[in-house]
Amino acid sequence: MSPAARVLSVALLAAACSGADDAEPAQLTPDTELSAGAGTVFDTTRDAFSRPVGNLDGPGRDEFFLGNAIFSRSWVTAPASVSDFDGLGPLFNAGNCSSCHFKDGRGRPPTKPDEDFVSILVRLSVPGAGPHGEPIPDPVYGEQLQQDAVHGVAKEGKPRVTYVERAGAYADGEAYSLRVPTYTIEELGYGALAPGVMLSPRTAPSIVGMGLLEAIPAATLEALADPDDRDRDGISGRANHVWDPIAQRATIGRFGWKANAATIPQQDAAAFVNDMGITSTVFAAEICSGAQSACAAAPTGPFPQLREDLRAQVDFYVRTLGVPARRKPMADAVRRGRAMFDAARCSTCHLPTIRTGDAFEIPELARQELHPFSDLLLHDMGPDLADGRPDFEASGVEWRTPPLWGIGLVEHVNRHTFFLHDGRARGFAEAILWHGGEAAAARDAFVAMPKTDRDALVAFLGSL
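Residues numbered from 1 in each chain as written. Predicted model: local features only at pLDDT ≥ 70, side-chain atom pairs only at ≥ 80, totals over all residues. Heavy atoms only, no water.

Q: Before we move on, can you summarise the packing of helix H9 (residues 332–343) against helix H13 (residues 451–462) with the specific residues and values?
A: At a closest axis distance of 7 Å, the pairing of H9 and H13 adopts a crossing angle of 100°. Considering the angle they form, H9 stands roughly perpendicular to H13. Contacts from Ala333, Val334, Arg336, Gly337, Arg338, Met340 and Phe341 in H9 reach Asp453, Ala456, Leu457, Ala459, Phe460 and Leu461 in H13. A class-by-class count of the residues in the contact of H9 with H13 yields nine nonpolar, one polar and three charged. (Axes fitted to C-alpha atoms, helices over the stretch in contact; angles between N-to-C directions. Helix = DSSP H or I, 4+ residues; strand = E, 2+ residues; numbered from the N terminus. Parallel < 35°, antiparallel > 145°, perpendicular 65-115°, else oblique. Contact = heavy atoms within 4.5 Å. Nonpolar A, V, L, I, M, F, W, Y, C, P; charged D, E, K, R; others polar.)

Here it is in structure tokens:
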């Protein structure tokens, strides 16, 4: 069924359901099934996150699948006969992009104390800021702990996480429990970490719809910001202004858990060098510090290890990943949950609707009405979620509002329900219960709801 036909279908369904719900209905538009306008994807299989935007044409789809092949291709240690894909390491976290972004979805933390980190990494920095406001890396281990290395080079260490349970209860007396993580690093390969080093564990986020988010004009995001809370609603979203190493200027950040990357090319190039040790024209140096002599002496392969044409194809792939359509958005429980979502003022930060600009270098991404449920701004999430690690203008208690589109398919696609920046929440309800700071009122409203309303709100999230 075409997107236009789906609009008509949902409109008819909305009319049929009118008045059927005794709760205050949410003001739903007829096309709420269309999460990303013409970029919406109608697929509920385990490949739902890996489809191109729905309006991509034939040549564009060919380019998309070429990028997909590079995204999934494993890199090997240099020198190798596969010269296009050698240069892995010397230090690295993963051998290909898909290891962390499995099926383009969400990573997870280990589920056992002795399990290695696979799709979650640990950022490192010491107090202070660099010339562009960026975090200052640990002088020996750099800005990210690499837990793997090529032959002859010492690995940097093994991050570990353990949990203790924290009991709580809803207003109606139903009990819940939150797991509180503690992170350690074992088997440090190059001596102690620097005094005062700050650790920030972060799971690999879902990458659906990133190009559509990139196509939102910066002015739109700046206009949403209210850093001084002038409207007195208790919410003071802030833009993170970061250094764009490609444009060589400061600009608004919109990607990453702290909105510390401005563009997809920047985000991709940073992931290649930090996660896999693959250099590019954006980040030309290997990630070896002065104390890591074996790393610096290791064979590196050609420069850049990521050729410009391959980098462009990966960027195109990430930019044109579509967004799954919502499932059953007009179901009674989902409609009631949407009303609860709005009543608790979750939608103040998880902004339901935003538009891409009139022009973008990939025309298919322009002029689309999106429902990402995010403002891409930074918000104080309270001390329980704080990592204490500033990142450009993001403070140690601030996190970017993550887009919620596609979140209801994570369990099916990625086989888990671990949410928040480090995956500590074991489902939607726990993720809400961890909210604090500016979101404390929304959390408290959820705690005060009767179970039927809490279940409806969770059902709504499951429809996204």
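Q: Describe the layout of surface pockets, with residues and values.
A: Size it by volume and the second largest pocket reaches roughly 590 Å³. His350, Met381, Pro402, Ala431 and His435 are, among the 35 residues lining the second largest pocket, the residues nearest its centre. Every element with two or more residues in the lining of the second largest pocket is listed here: strand E15 (398–400), helix H11 (428–433), helix H12 (440–448) and H13. (1 Å grid on protein atoms, 1.4 Å probe; cavity = no way out; pocket = protein on both sides within 12 Å on 5 of 7 lines; lining within 4 Å. Points joined across faces, edges and corners; volume = space filled by probe spheres on them.)

Q: Tell me about the pattern of salt bridges, and name the residues and values.
A: Pairing between side chains of opposite charge can happen when the charged atoms of each approach one another. Enumeration over the complete set of coordinates arrives at 30 salt bridges. Among the salt bridges present, the one from lysine 155 reaches aspartate 148, with a minimum N-O distance of 3.8 Å. Taking the relative accessible area as the measure of exposure, lysine 155 reaches 47% and is therefore partly exposed. Its salt-bridge partner being arginine 160, residue glutamate 186 comes within 3.8 Å of it at the nearest N-O pair. (Salt bridge = Lys/Arg side-chain N within 4 Å of Asp/Glu carboxyl O. Buried < 20%, exposed > 50% of the residue type's maximum accessible area, 1.4 Å probe, protein only.)

Q: Help me get a handle on the nonpolar core, residues and values and all.
A: What tends to happen in soluble globular proteins is that the nonpolar side chains get buried as a cluster. Counting residues in hydrophobic clusters, the biggest one holds 90 residues, and the most contacted among them are Trp75, Leu212, Phe272, Phe341, Trp405, Leu457 and Leu461. The dominant element in this core, judged by the number of residues it contributes, is helix H8 (residues 308–319), at five residues. Every residue in contact with tryptophan 405, bar those within four places of it in the chain, is listed here: Ser35, Ala36, Val208, Gly209, Leu212, Leu213, Val323, Leu370, His371, Pro372 and Leu464. Counting residues in each nonpolar core, the second largest holds 10 residues, with Leu124, Leu145, Tyr183 and Ile185 among its members. (Core = buried A, V, L, I, M, F, W, Y, C linked by side-chain atoms within 4.5 Å.)

Q: Account for the state of the cysteines, with residues named and values stated.
A: Scanning the entire structure with this criterion turns up one disulfide. Residue pairing for cysteine 288: its cysteine sulfur links by disulfide to cysteine 295, the two sulfurs lying 1.9 Å apart. Here the S-S torsion is close to -60°, and the disulfide linking cysteine 288 with cysteine 295 is therefore left-handed. The partly exposed category is assigned to cysteine 288, whose relative accessible area is 22%. With a relative accessible area of 1%, cysteine 295 lands in the buried category. The closest cysteine sulfur to the non-disulfide-bonded cysteine 97 is located on cysteine 100, 8.5 Å from its own sulfur. Residue cysteine 97 is classed as buried on the basis of its relative accessible area, which comes to 11%. (Disulfide = S-S within 2.5 Å.)

Q: Run through the environment of arginine 249, naming residues and quoting values.
A: If you trace the backbone, arginine 249 turns up in strand E10 (residues 249–252). The residues touching arginine 249, leaving out its near neighbours within four places in the chain, are Val242, Trp243 and Asp244.

Q: Run through the environment of leucine 457, naming residues and quoting values.
A: Tracing the sequence through the fold places leucine 457 in helix H13. Put simply, leucine 457 and alanine 333 are 124 residues apart on the chain and 8.0 Å apart in space, counted from C-alpha to C-alpha. When near neighbours in sequence (up to four residues on either side) are disregarded, leucine 457 contacts Gly337, Met340, Phe341, Ile432, Phe446 and Met449.

Q: Break down the pairing of strand E9 (residues 241–244) for me, citing the residues and quoting the values.
A: A regular strand places its side chains on the two faces of the sheet in alternate fashion. Bridge analysis of E9 against E10 gives four bridges, and the strand direction is antiparallel. Residue pairing for E10: aspartate 244 is matched across the bridge by arginine 249. Hairpin connection, E9 to E10: the antiparallel pair is bridged by four residues, and glutamine 248 has positive phi, about 60°. (Pairing = 2+ DSSP bridges.)

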